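Now for the letters of each chain:
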Amino acid sequence: MTKTKLSPEQAAAKVMVALDKPDAKAALLLADQLQGAGCWAKVGLELFYAAGADVVRELKARGFKIFLDLKLHDIPNTVRGGSRSIAKLGVDMFNVHAAGGIAMLRGAAQGVQEALDAGEAASRPLIIAVTQLTSTNQATLNGEIGIPGTVEEAVLRYAGLTKEAGLDGVVASPLEVGAIKSACGTDFLTVTPGIRPKGSDAGDQQRITTPHDAVIGGTDYLVIGRPITGAPDPAAALNKIIEEMCS
Ligand code: C5P
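Here the structure is a predicted model, which is why all the values come from computation and not from measurement. (Residues numbered from 1 in each chain as written. Predicted model: local features only at pLDDT ≥ 70, side-chain atom pairs only at ≥ 80, totals over all residues. Heavy atoms only, no water.)

This part covers the pairing of strand β5 (residues 126–130). The buried fraction of β5 amounts to four of the five residues, a majority that puts the element mostly inside the structure. Here five bridges tie strand β4 (residues 93–97) to β5, and the two strands are oriented parallel to one another. Bridging from a neighbouring strand, V96 pairs with A129 of β5. Sheet analysis places β5 next to strand β6 (residues 169–171), joined by three bridges and oriented parallel. Residue pairing in the sheet places I128 in a bridge with G169 of β6. (Buried < 20%, exposed > 50% of the residue type's maximum accessible area, 1.4 Å probe, protein only. Helix = DSSP H or I, 4+ residues; strand = E, 2+ residues; numbered from the N terminus. Pairing = 2+ DSSP bridges.)

Dropping the structure here:
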């Protein structure tokens, strides 16, 4: 649980805005509206597959910290190579799927280390593993994916694998942060999508909470897309969320 109130600057530095846009032009237009707010930019599948590494460089040039959300999930050697290439891009954080197992998770760390050793990367990005997507509920987990038990049990299992592999933290629902911190330690990072300010549409997200409750729950980073990117005034929507986080 977070005890001290956040300053607006501290709150902004915890927000990762998901720039889920179909091309660089739309993403950069949005980024320009948010520039100077102190938030991160999250580049995911939609934008990266359309605009590639160039858009990452453009966002970095505008001063954003970058979370490259490509959720790698492949054999360990391929994830090692992919992670080495990602480290070369100079992003601040990227992610893999914990479901790939410990060897794959270690492959990600190895790829980053290779980039650092070869002088291809100036700094080490944080490596985060996805536990269970925040669009997954109990019925999907048990009936479709075939994992028995509760969502929290599955999340904690994957968080444990991630910790064992030496990575920096996990993507999970804000509802699971307390249990993850208890099991893996307070320094083990939690990155949480599934954030919905009061009155906003949940969309396809299932395991959700408000920005205020996510902060109270102790999450390190709040990933927020549509409540900001779909708002008529994204900068105003971000400011309102920051206010809520500080209240
Ligand atoms: O629009 P919304 O706030 O739902 O956006 C959430 C963002 O977080 C999306 O870019 C989605 O890909 C990403 N994400 C997620 N659940 C995860 C990992 C990433 O929703 N487990």
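With that settled, consider unusual backbone geometry. In this structure, K71 is a non-glycine residue whose phi angle is positive, near 45°. With respect to the helices and strands, K71 occurs in strand β3 (residues 66–72).

Time to look at the packing of aromatic side chains. Geometry of an aromatic ring pair is reported as the spacing of the ring centres plus the angle between the planes. Applying the stated criterion across every chain yields a total of one aromatic pair. Centroid distance W40 to Y221: 5.3 Å. Interplanar angle 65°. Geometry classified as edge-to-face. Placement of the pair is W40 in strand β2 (residues 40–43) and Y221 in strand β8 (residues 221–224), with a sequence separation of 181 residues. This pair shows no difference in class: W40 is buried, exactly as Y221 is. (Phe/Tyr/Trp six-rings, centres within 6.5 Å; stacked < 30°, edge-to-face > 60°.)

For the rest of this paragraph, the subject is the site of the ligand. Around the ligand, a shell composed of 17 residues is seen, among which D20, K42, R196, G225 and R226 lie nearest. One of the side-chain N or O atoms of Q205 is found 2.9 Å from an oxygen atom in the ligand. For the ligand, an oxygen atom lies 2.7 Å from a polar atom in the side chain of R226. With the chains in place, 87% of the 470 Å² that the ligand exposes on its own is no longer accessible. (Near = heavy atom within 4 Å. Polar contact = N/O pair within 3.5 Å; in protein donor to acceptor, adjacent residues only side chain to side chain. Areas by Shrake-Rupley, 256 points an atom, 1.4 Å probe, with all protein chains shown as cover.)

Turning to the environment of F94, a few remarks are in order. Looking at where F94 falls in the secondary structure, it is placed in strand β4. Residues in contact with F94, not counting those within four places in the same chain, are F67, L68, S83, I86, V112, P125, L126, I127 and I128. (Contact = heavy atoms within 4.5 Å.)

What follows deals with helix α3 (residues 45–61). The end-to-end C-alpha distance of α3 is 21 Å, clearly below the 24 Å that 17 residues give at a rise of 1.5 Å each. A51 marks where α3 bends most, by close to 110°. Every buried residue belonging to α3 is among L47, F48, A51, G52, V55, V56 and L59, and all of these are buried. Along its buried surface, α3 packs onto α2 (24–34), β2, β3 and α4 (76–89). (Expected span 1.5 Å × (residues − 1). Bend = angle between axes of the 7 residues up to and from the residue.)

A separate point is the pattern of salt bridges. Think of it this way: side chains of opposite charge can pair up when their charged atoms draw near. One pass over the structure, following the stated rule, counts twelve salt bridges. The partner of D69 in a salt bridge is K71, with the nearest N and O atoms 3.0 Å apart. Taking relative accessible area as the criterion, D69 reaches 7% and is therefore assigned buried. Ionic pairing is found between R207 and E176, a salt bridge with its closest N-O pair at 2.7 Å. With a gap of 31 residues between them, R207 in the loop between β7 (189–192) and α9 (211–216) and E176 in the loop between β6 and α8 (177–184) connect regions that are remote in the sequence. Take R207: its relative accessible area is 7%, and that puts it in the buried class. Assessed through its relative accessible area of 4%, E176 is described here as buried. (Salt bridge = Lys/Arg side-chain N within 4 Å of Asp/Glu carboxyl O.)

Polar side-chain contacts of R207 include one of 2.9 Å to the backbone oxygen of T136. Of the polar contacts made by the side chain of R207, one reaches the side chain of E176; its length is 2.7 Å. The residues contacting R207, other than those within four sequence positions of it, are Q132, L133, T134, T136, V151, V155, S173, P174, L175, E176 and G194.

This part is about the environment of A87. The topology assignment puts A87 in helix α4. On the accessibility criterion, A87 (2% relative accessible area) is buried. Considering only alpha carbons, one finds A87 and E164, 77 residues apart in sequence, at a separation of 21 Å. Setting aside anything within four residues of it in sequence, one finds A87 in contact with V112, A115, A121 and P125.

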